[in-house]
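# What the coordinates show
What follows is each chain in one-letter form.
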Amino acid sequence: MKLIGKYDWLLIVFVGFLILITLLPFSNGSNYNAFVYINNEMTYKIDLTKDGTYLVKEHVVVEVKDKKIRMKESDCPQQLCVKMGWISTPGVPIVCIPNKVMIIIEADPNNLDYDVITQ
Amino acid sequence: MRKRDSNNLVNKVIVYSLLLITAISVLLYIYFSNEKPLYYKRTEYFLGTYVTVNIASEKISSVELASSAFQEIARIDSKFKKNSKNMKSINSSEGNWVFVDEETLSMIEACLEVSDNTDGAFDPTVYRLVELWGFASADSTPSIPSNNNIDEVMNTVSYKNIIMDKDNNRIKLLNNTMIDLSGIAKGYAVDRAIEVIKSMDPGATGYIDAGGDIGIVGPKYGERPWVIGIRHPRSASADNAIEYLKMYEGAIATSGDYERYFIEKGIRYHHLIDPKTGRPARNNTVSATVINKSAMLADAYATAAFIMGKSPGITFLPRYGSLVLLVQEDLSIYKSPGIEGYIGK
């Protein structure tokens, strides 16, 4: 007499498989993006794992390199956004007030060593 | 034969029960491990900077809470910005009494108190100087003004030119002085937005960040502190922190020379103008952070702390509920006694 039959084994394997699937973290492509907002509207989603230079608006150039992003060029007088340099966390957005352009990074909050920046 | 059948049945029941219990335990585990409240985060332009509301509630929709917060922030922005009807009526009063509402009066009163407590290092009438240096608007190009121009404008700058008649809800501005509340309006908006959120759900948690003026709504997931990074004043990355502070409540603000500045002949000219000299404050301090119960006061005292630098006066600030952290030019850090309890991440 067998305690567990052939089909029972199948069922156990199936349930085990289901459990494994639920517990495994999902990885759906690149989860490291920057969002470019123009006039408070989300206009571009930029993959931070791919280096590149983007013209997001006339005279406003954004650059991605080594998973970091910066405002490379802007025609605003004080260049506050360009002076902010590179960002790689959601702690602080890059904002160009005259051009109404804002760059926000989306990332897993559990991987950060702080939540937000005071400046 | 019959006995074997029933044995088989018992075995099957045991196996299936075990499978069922395993499945239920996994479901329960997933359910409870996800029980932390989820944060809703939204960033918009207001008050001449970015404003982020990061909020979670177990009672009402976080989206609704954030919308109400932004509504209040938008109201304050339009009421206290430089060319608002409210501010224009005050600044065009030409030395006559002008009636102001309770809210405006209480903000001016708070300003005057900080000015008094910091011996004028914070001054709500400094605006004309900031404008003269070209730092007042993001659209202007800053430059060094002539000494004559500075002296001329200096005659109009002093918080002592603001005469307040609280009983009759009115103020008077002497010597052609001009009040600007748009600076501390950032902190005030944070304080008010938190009040609005708390009135809708006292148990809501999260924070509001208006261009680096941060107010805590409630601890992260109701129990953990929010870790605030103080921007490294000399890093090429704006999101690089020089120090970390853990906060469960209250507010924090920072003033630094790294945002609005220009460099001429190797000298850095920044937007934090000392009301006593009419020129950018120069005392070896490059960034001043203040923790206070109120974001408005944290902002005002941070400005004052930057102007005062590491002077004997700075040791008085804890008396007014403000803990200070100064970063010096050589990146050494001065801390008020009492701030150590916040340091860490």
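Before reading further, recall that the structure is shown in the block above.
Here goes a summary of the coordinates provided. Within any chain, residue numbers begin from 1 and follow the written order of that chain's sequence. The naming scheme follows written order: chains are lettered A onward, ligands numbered 1 onward. Only residues with pLDDT of at least 70 are given local features in this predicted model, and only at 80 or more are side-chain atom pairs given and counted; all residues enter the totals for whole chains, interfaces and linings.

### Details of the overall build of chain A
Test applied: Labels follow the DSSP assignment, with helices taken as runs of H or I lasting at least four residues and strands as runs of E lasting at least two, numbered in each case from the N terminus. Residues with at least 20 other C-beta atoms within 10 Å of their own are called buried, those with 12 or fewer are called exposed, and the rest are partly exposed. The C-beta atoms themselves are positioned from the backbone. Note on contacts: each residue gets a C-beta atom placed from the backbone, and two residues are in contact if those atoms are within 7 Å.
In terms of helices and strands, chain A carries two helices and eight strands. Written out in order from the N terminus, the α and β elements of chain A read α-β-β-β-β-β-α-β-β-β. Of all 119 residues assigned to chain A, the portion counted as buried reaches 31%. Counted over contacts in chain A with a minimum sequence separation of 6, partners at least 24 positions apart contribute 27%.

### Remarks on the overall build of chain B
We apply this condition: Between the two quantities, the radius of gyration covers C-alpha atoms and the globule rule is 2.2 Å times the number of residues to the power 0.38.
Assigned secondary structure in chain B consists of eight helices and 17 strands. Computed over its C-alpha atoms, the radius of gyration of chain B comes to 26 Å, more than 25% above the 20 Å expected for a compact globule of 345 residues. In terms of its C-alpha atoms, chain B occupies a principal-axis envelope of roughly 115 × 50 × 40 Å. Counting the 345 residues in chain B, one finds 45% classified as buried. Expressed as a percentage of contacts within chain B between residues at least 6 apart in sequence, the contacts between residues at least 24 apart total 61%.

### A word on the pairing of strand β11 (residues 261–264) of chain B
Residues and elements named next belong to chain B. What counts here: A pair of strands is labelled paired if DSSP reports no fewer than 2 bridges between them.
Bridge count for β11 against strand β12 (residues 267–270) is four bridges, and the pairing is antiparallel. For glutamate 264, the partnering residue across the bridge sits in β12 and is isoleucine 267. Connecting β11 to the next strand, β12, in antiparallel fashion are two residues, including lysine 265 with a positive phi near 50°.

### Comments concerning the packing of helix α7 (residues 182–200) of chain B against helix α8 (residues 295–308) of chain B
Residue and element names in this part refer to chain B. Spelled out, the test is: Axes here refer to lines fitted to C-alpha atoms; in helices the fit is confined to the stretch in contact. Angles between the N-to-C directions go from 0 to 180 degrees. Each angle receives one of four descriptions, namely roughly parallel if under 35 degrees, roughly antiparallel if over 145, roughly perpendicular if within 65 to 115, and oblique otherwise. Helix crossings get a hand from a simple test, with the near helix turned counterclockwise from the far one by less than a right angle marking a left-handed crossing and a clockwise turn marking a right-handed one. Charged residues are taken to be Asp, Glu, Lys and Arg, nonpolar residues to be Ala, Val, Leu, Ile, Met, Phe, Trp, Tyr, Cys and Pro, and polar residues to be all remaining types, Gly included.
In contact at an axis separation of 6 Å, α7 and α8 are set at 155° when each is read in the N-to-C sense. Classified by the angle between their axes, α7 and α8 sit roughly antiparallel to one another. At the point where α7 passes α8, the crossing takes the right-handed sense. Side by side, α7 and α8 meet where Gly183, Ile184, Lys186, Gly187, Tyr188, Val190 and Asp191 of the first sit next to Ala295, Met296, Ala298, Asp299 and Ala300 of the second. Taken together, the residues that form the contact of α7 with α8 break down as seven nonpolar, two polar and three charged.

### Considering the nonpolar core
Residues and elements named next belong to chain B. Basically, it comes down to this: To define a nonpolar core, we join buried Ala, Val, Leu, Ile, Met, Phe, Trp, Tyr and Cys residues through C-beta atoms within 7 Å and take the resulting set.
Among the nonpolar cores identified, the biggest contains 117 residues, and Val290, Ala298, Tyr301 and Ala305 are the most heavily contacted of them. Among the elements that line this core, the one with the most residues is α8, at twelve residues. Not counting chain neighbours up to four residues away, the residues in contact with alanine 305 comprise Ala288, Val290, Ile314, Leu317, Val324 and Leu326.

### Describing the interface of chain A and chain B
The interface of chain A with chain B comprises 37 residues on the first partner and 45 residues on the second. Mapped by element, the contributors of at least two residues to the side of chain A that touches chain B are α1 (6–23), β6 (94–96), β7 (101–106) and β8 (116–118) of chain A. In terms of residue count, α1(A) provides more of the side of chain A that touches chain B than any other element does, six residues in total. The class makeup of the residues in the side of chain A that touches chain B is 24 nonpolar, nine polar and four charged. Bridge analysis of β8(A) against strand β8 (residues 226–231) of chain B gives three bridges, and the strand direction is parallel. Across the sheet, A:Val116 pairs through a bridge with B:Ile228, a residue of β8(B).

### Thoughts on the packing of helix α4 (residues 102–117) of chain B against α8(B)
Axes are the key here: two packed helices are described by the angle between their axes and the distance separating the axes. All names here are of chain B. The N-to-C vectors of α4 and α8 enclose an angle of 35°; their axes lie 10 Å apart at closest approach. Judged by the sense of rotation from one axis to the other, the crossing of α4 with α8 is right-handed. Residues Ala110, Cys111 and Val114 of α4 touch α8, and the partners they reach there are Met296, Leu297, Ala300, Tyr301 and Ala304. Broken down by class, the residue content of the contact of α4 with α8 amounts to eight nonpolar, no polar and no charged.

### Digging into the sheet that holds strand β5 (residues 68–73) of chain A
All names here are of chain A. Read across the sheet, three strands follow the order β3-β4-β5 without closing on themselves; strand pairing throughout is antiparallel. Because the sheet does not close on itself, it has two edges, and the strands there are β3 (52–57) and β5. Between one strand axis and the next, the sheet turns through 30° on average, direction left out of account. Two strands pair when backbone bridges link them, and β3 and strand β4 (residues 60–65) are joined in this way by five bridges, in the antiparallel orientation.

### Quick look at α4(B)
For an α-helix, the turn length of 3.6 residues means that residues three or four places apart are oriented alike. All names here are of chain B. As a reminder, the rule being used: Multiply 1.5 Å by the residue count of a helix minus one, and that product is the helix's expected span.
The end-to-end C-alpha separation of α4 is 22 Å, in line with the 22 Å expected for 16 residues at 1.5 Å each. Of the positions making up α4, those classed as buried are Thr104, Met107, Ile108, Cys111, Val114, Ser115 and Asn117. Tucked inside the fold, the buried residues of α4 contact α3 (85–91), β4 (162–165), β5 (170–173), α7 and α8. Immediately downstream of α4, the backbone of aspartate 119 shows phi near 55°, a positive value.

### Let's talk about unusual backbone geometry
For A:Gln79, which is not a glycine, the phi torsion comes out positive at approximately 55°. When you line up the elements, A:Gln79 lands in the loop between β5 and α2 (80–83). Although it is not a glycine, B:Asn169 sits at a positive phi angle of roughly 55°. In this fold, B:Asn169 is placed in the loop between β4 and β5.

### Remarks on the sheet that holds strand β7 (residues 213–218) of chain B
Within a sheet, adjacent strands bond to each other through the backbone by hydrogen bonds, running parallel or antiparallel. Residue and element names in this part refer to chain B. Taken together, eight strands build an open sheet; the order of strands is β1-β2-β6-β7-β10-β15-β16-β17 and the sheet is antiparallel. Across the chains shown, the open sheet's two edge strands, defined by having one partner strand only, are β1 (40–46) and β17 (333–335). The sheet shows a mean angle of 15° between the axes of neighbouring strands, direction not considered. Sheet strands touched by α7: β2 (49–56), β6 (205–210), β7 and β10 (251–256). Its angle to β7, the strand with the most contacts, is close to 10°.

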